[in-house]
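The primary structure of each chain is shown beneath.
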Amino acid sequence: MSEIVIRHAAVEDATELYRILSQPETYTDTLQIPHPSLALIQQRLQNLQPGMQRLVACIDGQVVGDLYLEVNARARRRHTATFGMCVDCHYRGRGVASALMQEMVSLCDNWLSVERIELTVFADNDTAVRLYQRFGFATEGVARRYAVRNGKQVDALYMARLRAA
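Every value quoted in this text rests on a predicted model; they were computed, and no experiment measured them. (Residues numbered from 1 in each chain as written. Predicted model: local features only at pLDDT ≥ 70, side-chain atom pairs only at ≥ 80, totals over all residues. Heavy atoms only, no water.)

A. Layout of the overall build of the protein chain. In terms of helices and strands, the protein chain carries 5 helices and 7 strands. In sequence order, the protein chain lays out its α and β elements as β-α-α-α-β-β-β-α-β-α-β-β. Viewed in the frame of its principal axes, the protein chain has a C-alpha envelope of about 40 × 40 × 35 Å. Residue burial in the protein chain is summarised as follows: out of 165 residues, 41% are buried. Contacts in the protein chain between residues far apart in sequence, at least 24 positions, make up 62% of those at least 6 positions apart. Positive and negative side-chain charges in the protein chain, numbering 19 and 18 respectively, have mean positions lying 7 Å apart. (Helix = DSSP H or I, 4+ residues; strand = E, 2+ residues; numbered from the N terminus. Buried < 20%, exposed > 50% of the residue type's maximum accessible area, 1.4 Å probe, protein only. Contact = heavy atoms within 4.5 Å. Lys, Arg positive; Asp, Glu negative; His and termini not counted. Charge placed at Lys NZ, Arg CZ, Asp CG, Glu CD.)

B. Looking closely at the pattern of salt bridges. According to the stated counting rule, one finds 12 salt bridges in the structure shown. Here aspartate 29 makes a salt bridge to arginine 92, at a shortest N to O gap of 3.2 Å. Linking aspartate 29 in helix α2 (residues 24-29) with arginine 92 in the loop between β4 (80-87) and α4 (96-110), this pair joins segments that are 63 residues apart in sequence. A residue is classified by how much of its surface remains accessible, and aspartate 29, at 30% relative accessible area, is partly exposed. A salt bridge links arginine 116 to glutamate 118; the nearest nitrogen and oxygen atoms lie 2.6 Å apart. With a relative accessible area of 18%, arginine 116 lands in the buried category. (Salt bridge = Lys/Arg side-chain N within 4 Å of Asp/Glu carboxyl O.)

C. Fine view of the packing of aromatic side chains. If you walk through the whole model with that rule in mind, you get 4 aromatic pairs. Relative to tyrosine 158, the ring of tyrosine 146 lies with its centre 6.3 Å away and its plane at 85°, an arrangement referred to as edge-to-face. Residue tyrosine 146 is found in strand β6 (residues 138-149), and its partner tyrosine 158 is found in strand β7 (residues 152-162); the two are separated by 12 residues along the sequence. For tyrosine 146, a relative accessible area of 32% corresponds to the partly exposed category. (Phe/Tyr/Trp six-rings, centres within 6.5 Å; stacked < 30°, edge-to-face > 60°.)

D. Quick look at the side chain of arginine 54. Structurally, arginine 54 is set in strand β2 (residues 52-59). At 2.8 Å, the side chain of arginine 54 forms a polar contact with the side chain of aspartate 66. For arginine 54, the residues in contact, after removing those within four places along its chain, are Arg7, His8, Ala9, Leu17, Arg44, Leu45, Leu48, Asp66, Leu67 and Tyr68. (Polar contact = N/O pair within 3.5 Å; in protein donor to acceptor, adjacent residues only side chain to side chain.)

E. Main features of the layout of surface pockets. Roughly 1200 Å³ of volume is contained in the largest pocket. Listed by contribution, the elements that provide at least two residues to the lining of the largest pocket are α3 (38-46), β2, β3 (62-71), β4, α4, β5 (116-122) and α5 (126-134). Of the residues belonging to the lining of the largest pocket, the class tally is 24 nonpolar, 13 polar and 8 charged. Computed from the structure, the second largest pocket encloses a volume of approximately 160 Å³. Tyr27, Thr28, Thr30, Leu31, Gln32, Ile33, Pro34, Phe122, Val148, Arg149 and Asn150 are the residues that line the second largest pocket. Those elements giving two or more residues to the lining of the second largest pocket turn out to be α2 and β6. (1 Å grid on protein atoms, 1.4 Å probe; cavity = no way out; pocket = protein on both sides within 12 Å on 5 of 7 lines; lining within 4 Å. Points joined across faces, edges and corners; volume = space filled by probe spheres on them. Nonpolar A, V, L, I, M, F, W, Y, C, P; charged D, E, K, R; others polar.)

F. Region of interest: unusual backbone geometry. Of note, the phi angle at serine 113 is positive, near 60°, even though the residue is not glycine. Along the chain, the position of serine 113 falls in the loop between α4 and β5. On the basis of relative accessible area, serine 113 is assigned to the exposed category, the value being 54%. Phi is positive for arginine 145, which is not a glycine, with a value near 50°. Tracing the sequence through the fold places arginine 145 in strand β6.

This is how it looks when you write it as C-alpha cells:
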C-alpha cells in the first residue's frame, strides 16, 4: 500500500479538492452542498484566515483527503478549535481520515495550545463517530433536526476532545 503524506494545502490543490467536494458521498456526509464552486475553493485556499490551517492527504501525489482546522480567535475561547474533514470516496477505508486526524490532533496538542477540539457530525454517520471516538472524542449532546440532507432534517452529535492534563 502506498504511503499517506499529510501536508499543508496549496492553491494548486483546488482542482483535486473540487473533485472530492463534488462527490455525492462527500456532500451527503458533510455540510457541503452539491455543485461546489471551483472559484470559491481557489479563493479559500488563497485567503486562509488567521487561525486557520488547511491540510491535505496525498497518496502517490494525488490529493485524497482534506481537513480544515480553525482555532477560535475570541479571547475566552482561544483554547478551542473546530474542524471539518472529507475523504475521496475511492480512498475510504485506507487510513486517510486517521492520518489527517493524527496530524490535526498533534498540531492542536503540540503547537497550537488547543485544549479542546470540537466538532459536529451527523448522528447516523457511524464510521465517522467511531473514528472520532478512537481519537478521544466524546459525545456531549444531540442537535435535533440540525441540517437538511436529501430533503430531510437530520440530527447531529456535538462531540469534543479535551487534551489530557
